[in-house]
Amino acid sequence: MTARRTHHLTRQIVIAMVAGIVLGVALNRVDTAGWVQLFVIDGLLHVVGTVFVSALKMMVVPLVFVSLVAGVTALSDLSALGRIGVKALVLYLATTAIAVTLALSLAGIVGPGEGFDAGETPASFSGNDAPPLTQVLIDLVPTNPVAAMAEGNMLQIIVFALLFGIAITMSGTRGTHVLNLFGDLNTVIMHMVEWIMRLAPYGVFALITRTFATQGLDLLLPLAAYFLTLTAALAIQVFGVYPLLLRTLAGLNPLTFLKKMRDPAAFAFSTASSGATIPVTLHTVEKKMGVKNSVASFSVPLGATINMDGTAMMQGVATVFIANVYGVDLSLTDYLLVVLTATLASVGTAAIPAVGLVTLTMVLGQVGLPVEGIALIIGVDRLLDMMRTVTNVTGDAAISCIVAKSENAFDQAVFDDPEAGSVEAATQRPPSHSTA
Ligand code: ASP
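So, a few notes on the structure that sits alongside this text. (Residues numbered from 1 in each chain as written. Predicted model: local features only at pLDDT ≥ 70, side-chain atom pairs only at ≥ 80, totals over all residues. Heavy atoms only, no water.)

### Topic: helix α14 (residues 293-306)
Between the first and last C-alpha of α14 there are 19 Å, a value that for 14 residues agrees with the 20 Å anticipated at 1.5 Å per step. Here α14 lies mainly inside the structure; 14 of its 14 residues are buried. (Helix = DSSP H or I, 4+ residues; strand = E, 2+ residues; numbered from the N terminus. Expected span 1.5 Å × (residues − 1). Buried < 20%, exposed > 50% of the residue type's maximum accessible area, 1.4 Å probe, protein only.)

### What to know about the site of the ligand
Around the ligand sit 15 residues in total, of which S274, T311, G356, D385 and R388 are the nearest. Between the ligand and the protein, one listed contact pairs an oxygen atom with a backbone N or O atom of G356 at 2.7 Å. The cavity where the ligand resides is the largest cavity. Mapped onto the shell around the ligand, the elements with two or more residues apiece are α17 (355-366) and α19 (381-406). In terms of residues, the shell around the ligand owes the most to one element, α19, which gives 4 residues. Grouping the constituent residues of the shell around the ligand by class yields 7 nonpolar, 6 polar and 2 charged. (Near = heavy atom within 4 Å. Polar contact = N/O pair within 3.5 Å; in protein donor to acceptor, adjacent residues only side chain to side chain. 1 Å grid on protein atoms, 1.4 Å probe; cavity = no way out; pocket = protein on both sides within 12 Å on 5 of 7 lines; lining within 4 Å. Sits in = over half its atoms within 2 Å of the grid points. Nonpolar A, V, L, I, M, F, W, Y, C, P; charged D, E, K, R; others polar.)

### Notes on a nonpolar patch on the surface
Residues L44, V48, L199 and Y202 make up a contiguous nonpolar surface patch of roughly 420 Å² in combined accessible area. Examined against the element boundaries, L44 turns out to sit in helix α3 (residues 34-74). Residue classification places L44 among the exposed positions, given a relative accessible area of 55%. (Patch = residues over 30% accessible without salt bridge, like charges linked within 9 Å, V, L, I, M, F, W, Y side chains within 5 Å. Areas by Shrake-Rupley, 256 points an atom, 1.4 Å probe, with all protein chains shown as cover. Salt bridge = Lys/Arg side-chain N within 4 Å of Asp/Glu carboxyl O.)

### A few points about the environment of G368
Mapped onto the fold, G368 is located in the loop between α17 and α18 (374-377). Classification of G368 as exposed rests on a relative accessible area of 62%. Distance from G368 to Y226, taken between C-alpha atoms, is 20 Å for residues 142 residues apart in sequence.

### Re unusual backbone geometry
Notably, A272 is not glycine yet its phi reads approximately 55°, a positive angle. Tracing the backbone shows A272 in the loop between α12 (262-271) and α13 (274-288). The backbone of A354 shows a phi angle near 65°, a positive value even though the residue is not glycine. Considering the arrangement of structural elements, one finds A354 in the loop between α16 (332-348) and α17.

### Considering the pattern of salt bridges
One pass over the full model with this rule turns up 6 salt bridges. The partner of R210 in a salt bridge is D42, and the shortest N-O contact between them spans 3.1 Å. Here the residue R210 occupies a position in helix α9 (residues 200-215), and D42 occupies one in helix α3, the gap between them amounting to 168 residues. Between E407 and R83 there is a salt bridge, with its nearest N and O atoms 2.8 Å apart. Here E407, found in the loop between α19 and α20 (412-416), pairs with R83, found in helix α4 (residues 79-110); they are 324 residues apart in sequence, far enough to count as distant. The class of R83 is partly exposed, set by a relative accessible area of 40%. It is possible to trace a salt-bridge network through shared partners that takes in R83, K87 and E407.

Treat this as a map of the structure, not an account of what it does.
If you want it as structure tokens, here you go:
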């Protein structure tokens, strides 16, 4: 497999994204005939895009469960599990706190919202309560694992899979049969994920074209300061903070990392859901970056659920924006409260589109700002959601690499190999009997 062939798919996905944006914006601007809306935008593009996202989501629960059970059973000693968990948790919380601080500082300097005419945006927003942290903790243990899987409750699935995996390791020879089965199942399910990745150019194109055709960019203008401040903050996090952490904490080449992130970034951008992107993130982190399954199977789904740096950044910039619009001065205590609440809200935020707006009510409530302020930014949220989801997913992958490196669960040769994890090669290979 040549390097050219290997990058073929990634290149196609990027082309599909750009073509989707151009066509979507064009469809939005020109006065299209009714049939274009009916048959193309709400017909073909809607069906292809939705089927693509459904196919991705279809893989999430089986993949996370099987992969995590296989990952836990592959650990030579169970104390590693505790270490991996603590490291991932601490790094996830720390990067989120850094992210909000960065976003608040930038927003403090730029001052988005000053002189903004609130009458320009007619949308309204009614707050929806986010669950309190106590409930998040109580909900960690499922009363019914099958229900947890049916609902796609990621934290509950993680808890059950961890306990199940530990029990397998402690069950002697009988456990070994189950262990081998899960290793094989993991390979089979990854193969299915690779099929979906091959369809990505079509899915991404349909999703993006429809989003831009429906969304339009007119709403951006009055909110340009908010939009650009947040975009800049997200870019600093992705291209500055994560590379710095990768370099200093793991000695990894950030450019190689960013190049390998292109596929999951395109999926995150087009689906606006880190949850739906889990299969691709997991595939990339394991097969292209060299993180061992024992770490990735835990850190990726956990990260997708509790690590939302981009979302927390939106909450930081949005708080400053809304405070400026309403002429409220935020004190240092308010800023600290925003950092704390946005970090904790990120833990309780589901990995689905637009949910960050819901937890923003928590953050605004903490500093006494009106929840209706959210109505002002709702018009540009879809686009920002797509970008912050890319940030969220990049953070999950970066921390997975750092934790794996520190645990000696990292294959440097895979990371350094630009051709590693080629989906083209994988989907054409003959059936393998490896349980790796
Ligand atoms: N869409 C984001 C995600 O899934 C969450 C959000 O910011 O609304 O990562």
